[in-house]
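# Report on the structure
Chain by chain, the residues run as shown.
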Amino acid sequence: MNVGGGTVAGGDVSSTSSAVSQWTFTLSQRYQHLLDKSTPQVLHRWIFFAVIAFIYVIRVFMVQGFYIITYALGIYIIQLLIAFLSPQVDPEVEGPTLPTRGSDEFRPFVRRLPEFKFWYSLTKAVCIAFVLTFFSAFDVPVFWPILLFYWLVLFVSTMKRQIMHMVKYKYVPFTFGKQRYTGKKVPSADEGSVSKP
């Protein structure tokens, strides 16, 4: 096709865009594959999160700034923590679906925000906050002790309300310390045989 005496190849543009889309698709597949492989590795995932959170804290400490970004990250963490500790079906809205008496049918605790999504959201948030610390537009000068005080008050009041909700509807969002059903114990050959006098 001639445009003003020059030649523009339409095939080159479409081949470039298809190559970019193919590369993007391959990259997203590899990323999803890594996420899928990390799903059962709970301890390793949380160690990775602790490392990047520590790097973020060191970055903020060294720069002595970006307290607004850190405050916003803290608010987001509280929001995620509340969703992680809350049941998927809220008994205040839907009615008491959790067992309230020992004779009620057992229903396992299902979180509103599963553990993997909780970890993934936290990790993404810390990574985004870390990237934002490289842009001076986000370094708003504030008196950080006030922000810390606001955050602590918000955290304590939110956790108090969440714990009261747990006590009122008698649920525990953690699995450690709970009894697990292991099935009937099969007697061994030594236990089954009774010696006669």
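Computed from a predicted model, the values in this text were never measured in an experiment. (Residues numbered from 1 in each chain as written. Predicted model: local features only at pLDDT ≥ 70, side-chain atom pairs only at ≥ 80, totals over all residues. Heavy atoms only, no water.)

Turning our eyes to something else, we now look at the side chain of Thr 133. Following the sequence through the fold, Thr 133 ends up in the loop between α5 (115-132) and α6 (144-169). A relative accessible area of 2% places Thr 133 in the buried class. Not counting residues up to four positions away in its chain, the partners in contact with Thr 133 are Tyr 56, Arg 59, Val 60 and Phe 66. (Helix = DSSP H or I, 4+ residues; strand = E, 2+ residues; numbered from the N terminus. Buried < 20%, exposed > 50% of the residue type's maximum accessible area, 1.4 Å probe, protein only. Contact = heavy atoms within 4.5 Å.)

So, about unusual backbone geometry. The bulk of non-glycine residues show a negative phi, and the bulk of peptide bonds are trans. The backbone phi angle of Gln 64 is positive, close to 55°, even though this residue is not glycine. With respect to the helices, strands and loops of the structure, Gln 64 is situated in the loop between α2 (42-63) and α3 (67-85). Take Gln 64: its relative accessible area is 48%, and that puts it in the partly exposed class. Even without being glycine, Phe 66 reaches a positive phi, approximately 60°. A residue is classified by how much of its surface remains accessible, and Phe 66, at 4% relative accessible area, is buried.

UniProt's entry tags residues 42-62, 68-85 and 118-136 with the feature "transmembrane region" (unreviewed entry), counted in the numbering of this structure. Helix makes up 100% of residues 68-85 and strand 0%, with an end-to-end C-alpha separation of 26 Å. Between the C-alpha atoms that bound residues 118-136 there is a distance of 29 Å. The span itself is 79% helix and 0% strand. (UniProt positions renumbered as here; feature names shortened; annotations may be inferred.)

What follows is about the packing of aromatic side chains. Enumeration over the complete set of coordinates arrives at nine aromatic pairs. Geometrically, the ring pair formed by Tyr 67 and Trp 144 is tilted, given 6.3 Å between the ring centres and 35° between the ring planes. Of this pair, Tyr 67 sits in helix α3 while Trp 144 sits in helix α6, and the two are 77 residues apart along the sequence. On the accessibility criterion, Tyr 67 (18% relative accessible area) is buried. Its relative accessible area of 44% is what places Trp 144 among the partly exposed residues. Taken together, Trp 46, Phe 49, Phe 84 and Phe 118 form an aromatic cluster joined through their ring pairs. (Phe/Tyr/Trp six-rings, centres within 6.5 Å; stacked < 30°, edge-to-face > 60°.)

Between its first and last C-alpha atoms α3 spans 27 Å; for 19 residues at 1.5 Å apiece the expected length is 27 Å, and the two agree. If you check which residues of α3 are buried, you get Tyr 67, Ile 69, Leu 73, Gly 74, Ile 78, Leu 80, Ile 82, Ala 83, Phe 84 and Leu 85. As for α3, its buried residues are in contact with α2, α5 and α6. (Expected span 1.5 Å × (residues − 1).)

Our next topic: a nonpolar patch on the surface. A surface patch of nonpolar side chains, about 530 Å² in accessible area, is lined by Phe 54, Ile 58, Phe 61, Met 62 and Val 63. Relative to the helices and strands, Val 63 resides in helix α2. For Val 63, a relative accessible area of 31% puts it in the partly exposed group. (Patch = residues over 30% accessible without salt bridge, like charges linked within 9 Å, V, L, I, M, F, W, Y side chains within 5 Å. Areas by Shrake-Rupley, 256 points an atom, 1.4 Å probe, with all protein chains shown as cover. Salt bridge = Lys/Arg side-chain N within 4 Å of Asp/Glu carboxyl O.)

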